[in-house]
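A structural walkthrough
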Amino acid sequence: MDIAALVAWVVTAVGGFVLLARWISRGGLRQQQTKTTHFPAPLVFGHFLLAAAGLVVWIVYLAADRAAVAWAAFGILVAVALLGFTMFARWVAVQRTAVPATAGEETTPAERHLPVPVVAAHGLLGTATLVLVLLAALRVGGS
């Protein structure tokens, strides 16, 4: 269970990095000034940094095999999931909004350019990671 959680976390992180790179390349940071984006930079980078920190804590757990460290990683992952769900809700709202044919890149939110399959896979894998980390912290399936 421990290694399955690690693999799920790493694969989820790769998808998240793709989404982050796409959001930045489509002007997400520049759009902070004009409020075109619905993703505030602290939300985006908080999600990213907490996920990375949680992954490091999980790796420490794998090395140390201490239950308290597993629960710390789970707690961090819950915060990551809440931030991710917030971004997902904002992303869905943007996807449902009609974009005029004359809309340019400066008036189109950067998150509109995020690929739907990557967003879906990232969310599903993130959910699987959360469940696997919880099961591992509960010592279900051995360690």
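Up top you'll find the structure we're talking about.
Quick summary incoming for the structure in this document. (Residues numbered from 1 in each chain as written. Predicted model: local features only at pLDDT ≥ 70, side-chain atom pairs only at ≥ 80, totals over all residues. Heavy atoms only, no water.)

Let us look at the packing of helix α4 (residues 67–96) against helix α5 (residues 116–137). Two numbers describe how α4 lies on α5: the axes approach to 10 Å, and their chain directions differ by 155°. Viewed along their axes, α4 and α5 adopt a mutual orientation that is roughly antiparallel. Considering the relative orientation of α4 and α5, their crossing is left-handed. Listed contacts from α5 to Ala70, Trp71, Phe74, Leu77, Val78, Ala81, Phe88, Trp91 and Gln95 of α4 are Val116, Val119, Thr129, Leu130, Val133, Leu134 and Ala137. (Axes fitted to C-alpha atoms, helices over the stretch in contact; angles between N-to-C directions. Helix = DSSP H or I, 4+ residues; strand = E, 2+ residues; numbered from the N terminus. Parallel < 35°, antiparallel > 145°, perpendicular 65-115°, else oblique. Left-handed = near helix turned anticlockwise from the far one by under 90°. Contact = heavy atoms within 4.5 Å.)

Before going further, it helps to examine a nonpolar patch on the surface. On the surface, Met1, Trp71, Leu138 and Val140 cluster together into a nonpolar patch covering about 340 Å² of accessible area. Mapped onto the elements of the fold, Trp71 is located in helix α4. What makes Trp71 partly exposed here is its relative accessible area of 37%. (Patch = residues over 30% accessible without salt bridge, like charges linked within 9 Å, V, L, I, M, F, W, Y side chains within 5 Å. Areas by Shrake-Rupley, 256 points an atom, 1.4 Å probe, with all protein chains shown as cover. Salt bridge = Lys/Arg side-chain N within 4 Å of Asp/Glu carboxyl O. Buried < 20%, exposed > 50% of the residue type's maximum accessible area, 1.4 Å probe, protein only.)

With that settled, consider the side chain of Thr12. Tracing the chain through its elements places Thr12 in helix α1 (residues 2–25). Those residues in contact with Thr12 that sit more than four places away from it in its chain are His122, Leu125, Gly126 and Thr129.

Within this structure, the stated rule accounts for five aromatic pairs. On the basis of an interplanar angle of 70° and a centroid distance of 6.5 Å, the ring pair of Trp23 and Phe45 is categorised as edge-to-face. Of this pair, Trp23 sits in helix α1 while Phe45 sits in helix α3 (residues 41–64); the two residues are 22 residues apart in sequence, bridging distant segments of the chain. Phe45 sits in the partly exposed class, given a relative accessible area of 25%. Pairwise contacts between aromatic rings join Trp9, Trp58 and Tyr61 into one cluster. (Phe/Tyr/Trp six-rings, centres within 6.5 Å; stacked < 30°, edge-to-face > 60°.)

Bringing the pattern of salt bridges into the picture now. Scanning the model with the defined rule gives one salt bridge in all. Of the charged contacts in the structure, one is a salt bridge between Arg139 and Asp65, with a shortest N-O distance of 3.0 Å. Here Asp65 lies in the loop between α3 and α4 and Arg139 lies in the segment after α5, a separation of 74 residues in the sequence. A relative accessible area of 35% places Arg139 in the partly exposed class.

This next bit is on α4. Under the 1.5 Å per step criterion, the end-to-end length of α4 is 43 Å for 30 residues, consistent within 8% with the ideal 44 Å. Taken as a whole, α4 has its buried residues at Ala70, Ala73, Phe74, Leu77, Val80, Gly84, Met87, Trp91 and Val94. (Expected span 1.5 Å × (residues − 1).)

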